[in-house]
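Coordinate analysis (summary)
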Amino acid sequence: MFFRKKKRKADLTNLPKHIAFICDGNRRWARSKGLPTLLGHKEGVEAIKRVIRRASEIGLENLTFFCFSTENFDRSKEEVDYLFNLFRELKNMKDNFIK
């Protein structure tokens, strides 16, 4: 038998000033679902967008996302170009959230 925990409201009066994320596993996620790896990257960026929106709503001051390592340059040109295009989407989004 499974039990669901009651959702508790977060204490929004005591937020950290900075939260950092290491984004990893988008290709594994896509492969595990039988999807193209590029779609995994796209879904990862959509998740980042949701985090940014929610963080802005609750007043988090700083977010850092580690999304690309030097090892990622060893991937195909198509994949690297696709990732950088996704990063440009995030860069364009930031103007709506930076005060």
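Residues numbered from 1 in each chain as written. Predicted model: local features only at pLDDT ≥ 70, side-chain atom pairs only at ≥ 80, totals over all residues. Heavy atoms only, no water.

Some points on a nonpolar patch on the surface
Among the surface-exposed residues, W29, L35 and L39 lie close enough to one another that they form a single nonpolar patch of about 220 Å² accessible area. By secondary structure assignment, the location of W29 is in helix α1 (residues 26-32). (Patch = residues over 30% accessible without salt bridge, like charges linked within 9 Å, V, L, I, M, F, W, Y side chains within 5 Å. Areas by Shrake-Rupley, 256 points an atom, 1.4 Å probe, with all protein chains shown as cover. Salt bridge = Lys/Arg side-chain N within 4 Å of Asp/Glu carboxyl O. Helix = DSSP H or I, 4+ residues; strand = E, 2+ residues; numbered from the N terminus.)

A word on the nonpolar core
In this structure, V45, I48, I52, L86, L90 and M93 together form the largest nonpolar core, which totals 6 residues. Among the elements of the structure, α2 (37-58) and α3 (77-93) are those that each provide at least two residues to this core. Other than its neighbours up to four places away in sequence, L90 contacts V45, I48, K49 and I52. (Core = buried A, V, L, I, M, F, W, Y, C linked by side-chain atoms within 4.5 Å. Buried < 20%, exposed > 50% of the residue type's maximum accessible area, 1.4 Å probe, protein only. Contact = heavy atoms within 4.5 Å.)

Quick look at the pattern of salt bridges
By the definition in use, this model includes 10 salt bridges. The salt bridge partner of K42 is E46, with a shortest N-O separation of 3.3 Å. Here K42 and its partner E46 are both found in helix α2, 4 residues apart, which amounts to about one turn of the helix.

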